[in-house]
Amino acid sequence: MGIFDFFKKKDKEEWIEVYSPLNGKVIPLSEIPDEAFSQKMIGDGCGIIPTIGNICSPINAKIDIFSTNHAISFETKKGLELLVHFGIDTVKLDGKGFQRVVENNIEVKTGEVLMEYDLTYIMKNAKSINTPIIITNMEEVEKIEIVATGEVKVGDLLMKVKLKN
């Protein structure tokens, strides 16, 4: 490998793009009213205060929908692991307010509708609707950049992640 090959490789850093799974307002994790998320104990990322809509896939990945439908984990072929956890204490709703649109343990595409939610019901019955979008395997991540601010729609670029080589 020559010296120019080294520079060429550096210029071609590979970033994984993560898109917004919800319509709403982007917030820092510090505004999630749960210490595990706000203190980045589970991982790094950002939050969204959702508006009416659906939970869509933020990335091409294999999904695992929690039995209570309040959270979905994603694993990409490149090894990035991501969690969309709709609201806080929504596990206590035992699935009420959520309706699955897809089967569990399947490969999904970016933007695909995965879950419908009843925002009014969840607002009345959960601690918070603030929704963390978290990279859960931060030990594999070299860099993370939150690129979205303010209002986002499903499919808007939310963050970029560079995995370690």
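Coordinates for the structure precede this section.
Predicted model only: the values in this text are computed from it and were never measured. (Residues numbered from 1 in each chain as written. Predicted model: local features only at pLDDT ≥ 70, side-chain atom pairs only at ≥ 80, totals over all residues. Heavy atoms only, no water.)

Asks: Could you give an account of the packing of aromatic side chains, with specific residues and numbers?
Replies: Counted according to the given criterion, the structure contains two aromatic pairs. Ring geometry for Phe86 against Phe98: centres 5.5 Å apart, planes inclined by 80°, an arrangement best described as edge-to-face. Here Phe86, found in the loop between β7 (81-85) and β8 (98-100), pairs with Phe98, found in strand β8; they are twelve residues apart in sequence, far enough to count as distant. Accessibility expressed as a relative area gives 0% for Phe86, which makes it buried. Overall, the relative accessible area of 7% leaves Phe98 in the buried class. Measuring from ring centre to ring centre gives 4.4 Å for Phe86 and Tyr117, while their planes differ by 45°; the resulting arrangement is tilted. (Phe/Tyr/Trp six-rings, centres within 6.5 Å; stacked < 30°, edge-to-face > 60°. Helix = DSSP H or I, 4+ residues; strand = E, 2+ residues; numbered from the N terminus. Buried < 20%, exposed > 50% of the residue type's maximum accessible area, 1.4 Å probe, protein only.)

Asks: Summarise the pattern of salt bridges; cite the residues concerned and give the values.
Replies: Tallying each qualifying case throughout the model produces four salt bridges. Lys78 serves as the salt-bridge partner of Glu14, at 2.0 Å between the closest nitrogen and oxygen. Here Glu14, found in the loop between α1 (3-11) and β1 (16-19), pairs with Lys78, found in the loop between β6 (71-75) and β7; they are 64 residues apart in sequence, far enough to count as distant. What makes Lys78 exposed here is its relative accessible area of 53%. Among the salt bridges present, the one from Glu142 reaches Lys162, with a minimum N-O distance of 3.5 Å. With Glu142 in strand β12 (residues 141-146) and Lys162 in strand β14 (residues 157-163), this pair connects stretches of sequence that are 20 residues apart. With relative accessibility at 41%, the residue Glu142 sits in the partly exposed group. On the accessibility criterion, Lys162 (6% relative accessible area) is buried. (Salt bridge = Lys/Arg side-chain N within 4 Å of Asp/Glu carboxyl O.)

Without other data, these values stay purely geometric and don't point to any function.
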